[in-house]
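Observations on the three-dimensional arrangement
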Amino acid sequence: MLLKVSGLSVLYPGSGEGYVLEDVSFSVNDGERIALLGANGAGKSTLLLSLLGILQADSGKIEVDGVLLEKKNLPLVRRKLGLMFQDPDDQLFMPTVYDDVVFGPRNYAENDGNSADEDSIAEAADRILEKLEILHLKNRMPHKLSGGEKRLAALAGILVMEPRMLLMDEPSAYLDPRARRRLISVLETLSEAYIITTHDFTLAQALCNRCILLYKGWIRADGPVTDIINDKKLLDECGL
Ligand SMILES: Nc1ncnc2c1ncn2[C@@H]1O[C@H](COP(=O)(O)OP(=O)(O)O)[C@@H](O)[C@H]1O
Ligand SMILES: [Mg+2]
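Position numbers for residues start from 1 in each chain and track the written sequence from start to end. Whichever chain is written first becomes A and whichever ligand is written first becomes 1, with later ones labelled in order. Local features in a predicted model are, by the rule used here, given only for residues with pLDDT of at least 70; side-chain atom pairs are given and counted only at 80 or more, and totals for whole chains, interfaces and linings are based on all residues. For the side-chain quantities, the full set of heavy atoms in the structure was used; hydrogens and water were omitted.

Each helix is a run of H or I in the DSSP string that is no shorter than four residues. Each strand is a run of E no shorter than two, and both are numbered from the N terminus. Given a helix with a known number of residues, its expected span is that number minus one, times 1.5 Å. The end-to-end C-alpha separation of helix H6 (residues 177-188) is 16 Å, in line with the 16 Å expected for 12 residues at 1.5 Å each. Only protein chains enter the area calculation, which uses a 1.4 Å probe; residues under 20% of their type maximum are buried, those over 50% are exposed, and those in between are partly exposed. Turning to H6, its buried residues are Ala179, Arg180, Leu183, Ile184, Val186 and Leu187. Take H6 and look down its axis: the buried residues cluster within an arc of 165°, on one side only. The exposed set on the far side of H6, more than 90 degrees from its buried face, consists of Pro177, Arg178 and Arg181. In this structure, the buried residues of H6 make contact with strand E3 (33-37), helix H5 (147-159), strand E7 (165-169), strand E8 (193-197) and helix H7 (201-207). The arc under discussion is defined with respect to the helix axis, by the directions toward the C-beta atoms. Contacts were defined at the residue level, with two residues in contact if any of their heavy atoms lie within 4.5 Å.

Written as structure tokens, this is what we have:
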């Protein structure tokens with residue numbers, strides 16, 4: 001099992017309004033692709049951030065690839081999970097796309113106490129950029145790219161780290177139809193398991209077989225994506 005979440009509850013500090021996530025439990029197997037649906041404020045982003053320990057849970061247990069999420073395991077867990085932020089501008093911060101893609105591998109090599117093997121890092125970066133068909137963007141400034149190009153550049157920086165699982169927070173938001181189709185076709189080719197939060201039912205159906213529906217911090221439904229998306233009553237009850 002790749003991911004096991006048991007009884008996860010999260011209370012935002014100072015919110016005083018109860019739980020943002022309450023008693024959330026689910027598991028993910030290798031290669032599974034999950035659409036995480038829910039109205040605004042349902043707790044989707046909170047759930048993704050909790051899986052990485054960026055937000056601290058108040059109770060519950062998270063295991064990633066057999067490693068328990070706790071303070072001493074944080075670096076190991078974060079290495080196994082690749083998070084794509086909701087806003088790619090939060091992800092891309094180096095002067096060029098290439099610098100952004102090699103930032104993670106260089107950093108990890110240094111943290112491991114090895115000197116970074118520049119040749120193999122450069123090779124891996126080129127391979128990923130090529131795979132995502134954005135090698136031509138290598139020397140461009142990230143903040144000057146289009147929305148769709150930024151998404152793919154951010155994805156390259158995540159894939160180069162070879163995570164076991166990807167977590168993507170509304171990846172198709174703000175993309176024009178063509179960039180959105182391109183993103184879908186790229187995500188289609190990945191072999192990694194992933195969780196995508198989205199309001200985009202077409203994307204959810206094109207990429208995912210399973211859907212988890214959050215409503216006010218609870219898992220309201222967990223099942224085949226087509227069943228849930230076609231259940232108008234259920235979606236309506238969940239504010240979608
Ligand atoms: N930093 C924060 N402090 C307090 N409350 C927050 C914070 N971020 C989000 N929330 C609240 O937590 C709930 C879930 O938010 P979020 O996980 O962002 O939902 P979603 O991603 O599904 O739209 C919302 O009620 C939101 O207002
Ligand atoms: Mg969100």
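Across the sheet, which stays open at both edges, the 4 strands sit in the order E2-E1-E4-E5 with antiparallel pairing between neighbours. The open sheet has two edge strands with one neighbour each: strand E2 (21-28) and strand E5 (67-68). A strand pair is defined by DSSP finding two or more bridges across the two strands. When strand E1 (residues 3-10) meets E2, the two strands line up antiparallel, connected through 5 bridges. Following the sheet pairing, Val10 is matched in E2 by Leu21. Under this scheme, a helix contributes an axis fitted over its contacting stretch, all axes are lines through C-alpha atoms, and angles between N-to-C directions fall in the 0 to 180 degree range. In the packing of helix H1 (residues 44-51) onto the sheet, the strands contacted are E1, E2 and strand E4 (59-64), and the crossing angle to E1 comes to about 120°.

Our focus in this paragraph is the packing of aromatic side chains. Any two aromatic rings considered together are summarised by their centre-to-centre distance and by the angle between their planes. The aromatic pairing rule takes the rings of Phe, Tyr and Trp, using the six-membered ring of Trp, and pairs them if the centres are within 6.5 Å, calling planes under 30 degrees apart stacked, those over 60 edge-to-face and the rest tilted. Here the structure, examined in full by the defined rule, presents 1 aromatic pair. Two limits define a charge over a ring: the Lys NZ or Arg CZ must be within 6 Å of the ring centre, and within 35 degrees of the ring normal. Of note, Arg79 hangs over the ring of Tyr108, and the distance from its end group to the ring centre comes to 4.2 Å.

All right, on to the pairing of strand E10 (residues 218-224) then. Each regular strand shows side chains that alternate between the opposite faces of the sheet. The sheet contact formed by strand E9 (residues 210-215) and E10 spans 6 bridges and is antiparallel. Considered in E10, the bridge of Arg210 is made with Pro224. Between E9 and E10, which pair antiparallel in sequence order, lie 2 residues; one of them, Lys216, sits at a positive phi of approximately 50°.

Moving on to the pattern of salt bridges. Salt bridge criterion: a side-chain nitrogen from Lys or Arg within 4 Å of a carboxyl oxygen from Asp or Glu. This structure, assessed with the given rule, holds 14 salt bridges. Among the salt bridges present, the one from Asp89 reaches Lys150, with a minimum N-O distance of 3.0 Å. Linking Asp89 in the loop between strand E6 (81-84) and helix H3 (97-111) with Lys150 in helix H5, this pair joins segments that are 61 residues apart in sequence. In this structure, the salt-bridge partner of Arg210 is Asp222, at a minimum N-O distance of 2.8 Å. Of this pair, Arg210 sits in strand E9 while Asp222 is found in strand E10, placing the two residues 12 residues apart along the sequence.

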